[in-house]
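Results of the structural survey
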Amino acid sequence: MKDIKIGTINSLILENIKNIYRKISSAAIRSGRNPFDVKLIAVTKTVDIEIIKEAVSFGLRALGESRVQEAQKKIADCRAQCADCDIEWHMIGHLQKNKAKVAVELFDLIQSLDSIELAKELNKHSEKAGKIQRVLIEVKLSEEESKYGIAKESLMDLIEFVSEMKNLKLEGLMTIPPFSDNPEIVRPYFKKLRELRDQAERKGYSLPELSMGMTNDYETAILEGATMVRIGTGIFGERR
Ligand SMILES: *Cc1c(COP(=O)(O)O)cnc(C)c1O
């Protein structure tokens, strides 16, 4: 591959961010909502810290990582170099129980809570740390073996359980649909997540956040009610 000058990369990222904000705003308005009600989570997995800092300088404030170990160094670096940048870090990848303690130290929002066991661990470590940990429950709606998340049949039990945990604050649901280039194929999954949320709200739970939609399908996700979209490739280009 040709060498690309840093300046070129930066302006490319800025162009990408502007385009994405335009599309987010337009989709939000089409779905009858305020553009500010949809939050862009920039997915920085495999992205170098220097590039992340550039993106932050362009105004991105919510960053998503999918591996605890990789996130650890980046978050420490960012916090050391910009203590008052006010960056919010989201854990969006599968979280193992033995990483719960570190995850509580690192992340503002854990989007991948998917079992009662993990909820217990997160609550325990949050209590020790004197923290109220914000979480989303990840729901598995596709049949693909590789996908994590709680089965929809067990979702209500997990919602009830997490709501009882004193040091966890359940804010909503997250899902990863099967991969497709065609947003119409994934639309039913987004719709399903919203319906599951609505069902839970009818039972008295408050779950305002729906984290769904990635580079290929975030506009469709917003039209179906997404309040958070997680975008990596669309901002930073193809991952290494
Ligand atoms: C990598 C990742 C994304 C971003 O995917 P892109 O297609 O690059 O936008 C979003 N959500 C999760 C959970 C991911 O692991």
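Structure's up top.
What counts, and at which threshold
Residues numbered from 1 in each chain as written. Predicted model: local features only at pLDDT ≥ 70, side-chain atom pairs only at ≥ 80, totals over all residues. Heavy atoms only, no water. 1 Å grid on protein atoms, 1.4 Å probe; cavity = no way out; pocket = protein on both sides within 12 Å on 5 of 7 lines; lining within 4 Å. Points joined across faces, edges and corners; volume = space filled by probe spheres on them. Nonpolar A, V, L, I, M, F, W, Y, C, P; charged D, E, K, R; others polar. Near = heavy atom within 4 Å. Polar contact = N/O pair within 3.5 Å; in protein donor to acceptor, adjacent residues only side chain to side chain. Areas by Shrake-Rupley, 256 points an atom, 1.4 Å probe, with all protein chains shown as cover. Sits in = over half its atoms within 2 Å of the grid points. Buried < 20%, exposed > 50% of the residue type's maximum accessible area, 1.4 Å probe, protein only. Helix = DSSP H or I, 4+ residues; strand = E, 2+ residues; numbered from the N terminus. Arc of directions from axis to C-beta. Contact = heavy atoms within 4.5 Å. Core = buried A, V, L, I, M, F, W, Y, C linked by side-chain atoms within 4.5 Å.

Now for the layout of surface pockets. Rolled over the atoms, a probe with the dimensions of a water molecule shows which regions are left empty. Volume-wise, the largest pocket comes out at about 740 Å³. Along the walls of the largest pocket sit 28 residues, with Lys45, Ile176, Met214, Arg230 and Arg239 positioned nearest its centre. Classifying every residue of the lining of the largest pocket by side-chain character gives 9 nonpolar, 10 polar and 9 charged.

With that out of the way, let us pick up the site of the ligand. Surveying the vicinity of the ligand reveals the residues Val43, Lys45, Ile92, Ile176, Met214, Thr215, Arg230, Ile231, Gly232, Thr233 and Arg239. Separating an oxygen atom of the ligand from a side-chain N or O atom of threonine 215 is a distance of 2.4 Å. Protein burial of the ligand: of its 390 Å² of free accessible surface, 89% is covered by the chains. The pocket occupied by the ligand, as judged from atoms lying within 2 Å of grid points, is the largest pocket. Partitioned by chemical class, the residues of the shell around the ligand number 5 nonpolar, 3 polar and 3 charged.

The next subject is helix H6 (residues 155-164). Because an α-helix packs 3.6 residues into every turn, residues spaced three or four apart end up facing the same way. Taken together, the buried positions of H6 are Leu155, Met156, Leu158, Ile159 and Val162. Along the axis of H6, the buried positions cluster into a sector of 160 degrees, meaning they face one direction only. Opposite the packed face of H6, turned more than 90 degrees from it, sit the exposed residues Asp157 and Glu164. Buried residues in H6 make contact with strand E4 (109-113), helix H5 (116-129), strand E5 (133-140), strand E6 (150-151), strand E7 (168-175) and helix H7 (183-202).

The next thing to look at is the nonpolar core. Phe107, Leu122, Ile137 and Ile235 are the most contacted members of the largest nonpolar core, which totals 67 residues. Of all the elements, helix H1 (residues 6-30) adds the most residues to this core, at 6 residues. Those residues in contact with isoleucine 137 that sit more than four places away from it in its chain are Gln111, Leu113, Ile150, Leu155, Leu158, Ile159, Val162, Leu170, Gly172, Leu173 and Met174. Grouped together as the second largest cluster of nonpolar side chains are 6 residues, Ile41, Leu109, Leu136 and Met174 included.

By themselves, these are just geometric observations and shouldn't be taken as functional.
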